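Descriptive structure summary
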Amino acid sequence: MRATIRRAKYADLVIDVTAAMAQLEIDDCATYYRLTEVDRPGREPEITEEVLSGYQVRSHISHQLLVAMEEIEQSSPDEVTILRTSPYVFQPGGRQRGTYSKVC
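Figured I'd write up the structure that's included with this text. (Residues numbered from 1 in each chain as written. Predicted model: local features only at pLDDT ≥ 70, side-chain atom pairs only at ≥ 80, totals over all residues. Heavy atoms only, no water.)

This part takes up the pattern of salt bridges. Opposite charge on two side chains makes pairing possible when the charged atoms of those side chains draw close. Taken as a whole and assessed by the stated rule, the structure comprises eight salt bridges. Linking Arg6 and Asp12 is a salt bridge whose minimum nitrogen-to-oxygen distance equals 3.7 Å. Relative accessible area serves as the criterion here: at 42%, Arg6 is assigned to the partly exposed category. Among the ionic pairs, Glu46 bridges to Arg40, the shortest N-O distance being 2.4 Å. Of the residues examined, Glu46 reaches a relative accessible area of 35% and is grouped as partly exposed. Three or more residues are tied together by salt bridges with common partners; here these are Arg2, Glu71 and Glu73. (Salt bridge = Lys/Arg side-chain N within 4 Å of Asp/Glu carboxyl O. Buried < 20%, exposed > 50% of the residue type's maximum accessible area, 1.4 Å probe, protein only.)

Right, dumping it as structure tokens:
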């Protein structure tokens, strides 16, 4: 599954996020590892890591898609990637990639 989130109109944003979340395969009871990479012009890349429950992953992805992220991709039930590819979208700017991998 791959989806692009349209941001021009609020109605399109909500429709796209709702449709993407409906197709997402996340085990709410499983544990996931989150790796976030932020690449800002003129700065060193920032990398953060975190362990989350499936329920937290679902909530976090939904929030990130509504606020800033532009794409979501899931090639298997064990991994989800969300992306912000436009370097100018929101503060603090830059490109961002979040990968959620199922641990157990």
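The next subject is the sheet that holds strand E6 (residues 95–102). Across the sheet, which stays open at both edges, the six strands sit in the order E1-E4-E5-E6-E2-E3 with antiparallel pairing between neighbours. Looking at the sheet topology across the chains shown, the edges are occupied by strand E1 (2–4) and strand E3 (46–53). Put simply, the sheet's adjacent strands are angled 15 degrees from each other on average, direction ignored. Here strand E2 (residues 31–39) runs beside E3; their pairing, made up of eight bridges, is antiparallel. Bridge pairing in E3 links Thr36 to Thr48. Sheet strands in contact with helix H2 (residues 54–67) are E2, E3, strand E4 (71–76), strand E5 (79–84) and E6, and its direction is about 130 degrees off that of E3. (Pairing = 2+ DSSP bridges. Helix = DSSP H or I, 4+ residues; strand = E, 2+ residues; numbered from the N terminus. Axes fitted to C-alpha atoms, helices over the stretch in contact; angles between N-to-C directions. Contact = heavy atoms within 4.5 Å.)

Here we take up helix H1 (residues 10–23). Between its first and last C-alpha, H1 extends 20 Å over 14 residues, near the 20 Å set by a 1.5 Å rise per residue. Three or more residues of H1 are buried, namely Asp12, Leu13, Asp16, Val17, Ala20 and Met21. Each buried residue of H1 lies within a common arc of 155 degrees when the element is viewed along its axis, so the set occupies one face. Opposite its buried face, H1 presents the exposed residues Thr18 and Ala22, each directed more than 90 degrees away. (Expected span 1.5 Å × (residues − 1). Arc of directions from axis to C-beta.)

It is worth spelling out the nonpolar core at this point. Counting 19 residues, the largest nonpolar core has Leu24, Val57, Ile61, Leu65, Ile72, Ile82 and Tyr100 as the members making the most contacts within it. Looking at this core, the elements that each hand over two or more residues are H1, H2 and E5. Here this core gets four residues from one element, more than from any other, and that element is H1. Setting aside anything within four residues of it in sequence, one finds Leu24 in contact with Met1, Arg58, Ile61, Ile72, Gln74 and Val80. (Core = buried A, V, L, I, M, F, W, Y, C linked by side-chain atoms within 4.5 Å.)

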